[in-house]
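Each chain, letter by letter, is given below.
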Amino acid sequence: MALATALPDLSSILSRPNVHHNLSAGNLVEHSIRRNEAMLANNGALAALTGSRTGRSPKDKFIVKDDVTESKINWGSVNQPLDPDKFEALYHRVTDYLADRELFVQDLFCGADPRYRLAARLINEYAWHNLFVKQLFVRPSAQELANYAPEFTVIAVPEFLADPQRDGTASEVFILTDFTRKVVLIGGTKYAGELKKCIFGVMNFIQPQNNNVFPMHCSANIGKDGSTALFFGLSGTGKTTLSADPDRELIGDDEHGWSQHGIFNFEGGCYAKCIRLSKEGEPQIYNAIRFGAVLENVAVDPNSRRPDYDSDRYTENTRVAYPVEFIANAAIPGVGRHPKNVVLLTADAFGVLPPISRLTPNQAMYHFISGYTSKLAGTEAGVGKEPQPNFSTCFAAPFLPLPPKAYAQMLGERLKQHNAQCWLVNTGWVGGPYGIGSRMRLSYTRAMVRALLDGRLRNAEFEIEPAFGLSIPKAVPEVPPELLNPRNLWSDKAAYDRQAAELVARFVENFKKFDVPEEVRKAGPKEK
């Protein structure tokens, strides 16, 4: 294994006249339009397209394998190793490529709690990418910028293509993280989501080891009584939508840390899905789309400049990025107390999981480690229009450098220490699998979440459904009672039983690979 050597600094490149540092949103919008990177929509948002890559590219992610990472990373198909010399050679080619190009630089923080934040410098070839990161991360004050020293540097060059045979990559796209030299290289993809997720991967590596902070792929909000709630889940399961509640303050919609002091947002913005967005269904997100926001792969009429949120012309994975303060009741700064409720969100494409279940601590550990959901269209490269059943460990497998057990133990310890109640909420299909049943109505899911958050389910009557051994309420205000037990909605009960048995078998098979206490394993569903 090659040893990592120091990389040449970027000071000569970044001090050129055509390199723009820490520009305002207005300036970045002007540069984006001048460079023909994007157009202005009629609501003031900047609208950009990402070409062939309209989702994350997990097969193109690599971590440099060296003395710092060799014994710590959970190597495999998610965390693929790259030799330090391959990274260094590509770094030199990328910096040569940047030598005379116009660039945009933002000095930002990841982490709303100053005790745990990471100073991340992002260098972008595109002005609209630079606006994206400015709105998504925590923006330093003028005083903080005066004393700013980056701890990690991200270089994003979407027009630069790798040569897999020469560079050791899987394709022309590359997302490479070097934890020793504290650099991330991203190339060959215009999809802006890679810019935020690469830093989330960095936080998932350093926070548990350096600060005993539990990094979480979740949204978070605060009730009027000051109580915090967490919503875990993969993209498309409802993290952003359900946390944007007019009656609760939003901490953040995607990435958080749980420290000894409480919850804090990693980011300073939100990255919401736009497909079929409406003012009636999601008013907070709809109203946040204005000047300074970035629309990604949303179809926009070239004449009226009106966005068409119902269109999947470019992808189902249409997105908008905006600062968290664009949400009227955002919690600034993005910090909160230890949570009272933890919600695990899943989108069950089989149509057999209950829409809401109360979990024991051991069940919570089982379902957190399992991370069952369905990959939804467009979120990752290679995912088609039909949802694909998927187990994503800790609801965050693509972003976890350390072994899953490290994160699961942190959740278990905190649930017990702070006496938090955990729930499993299914935002997926009812009345049948995808193609036969229908997606659970958002209004019903919201009603269930409101009831668990305000305590109305605390004294509710529960029953155990037989397929998964889950405890489900017999009644929830504003929700038809027949919806609460999924078997009720299947016209063919024998078909439901077969489908449920198939999903149980998948749970059991997937869980065989985990080293967990026996009481956690026994808390899961059992094959009959």
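Refer to the structure printed above.
Residues numbered from 1 in each chain as written. Predicted model: local features only at pLDDT ≥ 70, side-chain atom pairs only at ≥ 80, totals over all residues. Heavy atoms only, no water.

S.K.: Which residues make up the overall build of the protein, and what values go with them?
M.R.: Check the secondary structure of the protein and you find 14 helices and 30 strands. Computed over the C-alpha atoms, the radius of gyration of the protein is 23 Å, within 12% of the 24 Å expected from 2.2 N^0.38 for a compact globule of 528 residues. Projected onto its principal axes, the C-alpha coordinates of the protein cover approximately 70 × 55 × 40 Å. Across the 528 residues of the protein, 62% fall into the buried class. A total of about 20,600 Å² of accessible surface is found on the protein, and carbon and sulfur atoms cover 48% of it. Between the averaged position of the 59 positive side-chain charges in the protein and that of its 59 negative side-chain charges there is a distance of 3 Å. (Helix = DSSP H or I, 4+ residues; strand = E, 2+ residues; numbered from the N terminus. Rg over C-alpha atoms; globule rule 2.2 N^0.38 Å. Buried < 20%, exposed > 50% of the residue type's maximum accessible area, 1.4 Å probe, protein only. Areas by Shrake-Rupley, 256 points an atom, 1.4 Å probe, with all protein chains shown as cover. Lys, Arg positive; Asp, Glu negative; His and termini not counted. Charge placed at Lys NZ, Arg CZ, Asp CG, Glu CD.)

S.K.: Let's hear about unusual backbone geometry: which residues, and what values?
M.R.: Omega for the peptide link from Ile332 to Pro333 comes to -5 degrees, which places this bond in the cis form. A positive phi angle, close to 60 degrees, is found at Arg276, a residue other than glycine.

S.K.: Provide a residue-level description of the pattern of salt bridges, including the pertinent values.
M.R.: Inspection of the entire model under this criterion finds 30 salt bridges. In this structure, the salt-bridge partner of Glu461 is Lys474, at a minimum N-O distance of 3.0 Å. Here the residue Glu461 occupies a position in the loop between helix H12 (442-453) and strand S29 (462-464), and Lys474 occupies one in the loop between strand S30 (471-473) and helix H13 (493-511), the gap between them amounting to 13 residues. Connected via shared salt-bridge partners are Lys196, Lys197, Lys239, Asp254, Glu255 and Glu267. (Salt bridge = Lys/Arg side-chain N within 4 Å of Asp/Glu carboxyl O.)

S.K.: Please provide a residue-by-residue account of the sheet that holds strand S20 (residues 319-323), values included.
M.R.: Pairing in this open sheet of five strands is mixed, and the strands run S2-S3-S17-S20-S16 from one edge to the other. With partners counted over all chains shown, the strands left at the sheet margins are strand S2 (38-40) and strand S16 (269-273), one partner each. Ignoring strand direction, the axes of neighbouring strands in this sheet form an average angle of 25 degrees. Here strand S17 (residues 294-296) runs beside S20; their pairing, made up of three bridges, is antiparallel. What sits directly across from Leu295, in S20, is Val320. (Pairing = 2+ DSSP bridges. Axes fitted to C-alpha atoms, helices over the stretch in contact; angles between N-to-C directions.)

S.K.: Tell me about the packing of aromatic side chains, residues and numbers included.
M.R.: Applying the stated criterion to the full structure yields 24 aromatic pairs. Seen in terms of ring centroids, Phe132 and Tyr271 are 5.2 Å apart; in terms of plane orientation they differ by 85 degrees. Their pairing is edge-to-face. Highlighted residues: Phe132 in helix H4 (residues 127-136) and Tyr271 in strand S16, separated in sequence by 139 residues. An aromatic cluster is defined as three or more aromatic residues linked by ring pairs; in this entry it consists of Tyr366, Tyr372, Phe391, Phe468, Phe507, Phe511 and Phe514. Geometry around Phe109 places Arg117 over its ring, the cationic atom sitting 3.7 Å from the centre. The ring of Phe462 has Arg358 sitting right over it, with the charged end atom 3.8 Å from the ring centre. (Phe/Tyr/Trp six-rings, centres within 6.5 Å; stacked < 30°, edge-to-face > 60°. Lys NZ or Arg CZ within 6 Å of the ring centre and 35° of its normal.)

S.K.: Any chance you could break down the pairing of strand S8 (residues 152-157) for me, citing the residues and the numbers?
M.R.: Across the six residues that make up S8, a large majority, six, are buried. The two faces of S8 match: Phe152, Val154 and Ala156 on one face and Thr153, Ile155 and Val157 on the other face are all buried. Note that strand S7 (residues 118-124) and S8 share five bridges and pair parallel. The partner of Ala120 across the bridge, within S8, is Phe152. In the sheet, S8 pairs with strand S10 (residues 183-187) via five bridges, with the strands oriented parallel. Bridge pairing in S10 places Thr153 opposite Val183.

S.K.: Describe the nonpolar core, and please don't skip the residues or the numbers.
M.R.: Across soluble globular proteins, nonpolar side chains have a tendency to be buried as a group. Counting 100 residues, the largest nonpolar core has Ile199, Phe214, Leu230, Phe232, Leu344, Phe368 and Phe468 as its most contacted members. Here the element with the most residues in this core is helix H7 (residues 193-211); it accounts for eight residues. Among all residues touching Phe232, those that are not within four sequence positions of it are Phe214, Met216, His217, Cys218, Lys239, Val342, Val343, Leu344, Leu345, Phe368 and Phe395. Counting residues in each nonpolar core, the second largest holds 25 residues, with Leu14, Leu90, Phe174 and Val183 among its members. (Core = buried A, V, L, I, M, F, W, Y, C linked by side-chain atoms within 4.5 Å. Contact = heavy atoms within 4.5 Å.)

S.K.: Break down the sheet that holds strand S6 (residues 103-110) for me, with residues and values.
M.R.: Spatially, S1-S6-S7-S8-S10-S9-S4-S5 is the arrangement adopted by the eight strands of the open sheet, whose pairing is mixed. In this open sheet, the two edge strands, each paired with only one partner strand, are strand S1 (19-21) and strand S5 (80-82). Each strand of the sheet is rotated relative to its neighbour by a mean of 20 degrees, with strand direction disregarded. Sheet topology places S1 next to S6; three bridges connect them, and they run parallel. From the neighbouring strand, His21 faces S6, where its bridge partner is Val105.

S.K.: Please set out the packing of helix H10 (residues 361-370) against H13 residue by residue, giving values where relevant.
M.R.: Contact geometry of H10 with H13 gives a least axis separation of 10 Å together with a crossing angle of 85 degrees. With respect to their mutual orientation, H10 and H13 come out roughly perpendicular. Contact residues: Tyr366, His367, Ile369 and Ser370 in H10; Phe507, Val508, Asn510 and Phe511 in H13. Its residues placed into classes, the contact of H10 with H13 shows five nonpolar, three polar and no charged. (Parallel < 35°, antiparallel > 145°, perpendicular 65-115°, else oblique. Nonpolar A, V, L, I, M, F, W, Y, C, P; charged D, E, K, R; others polar.)

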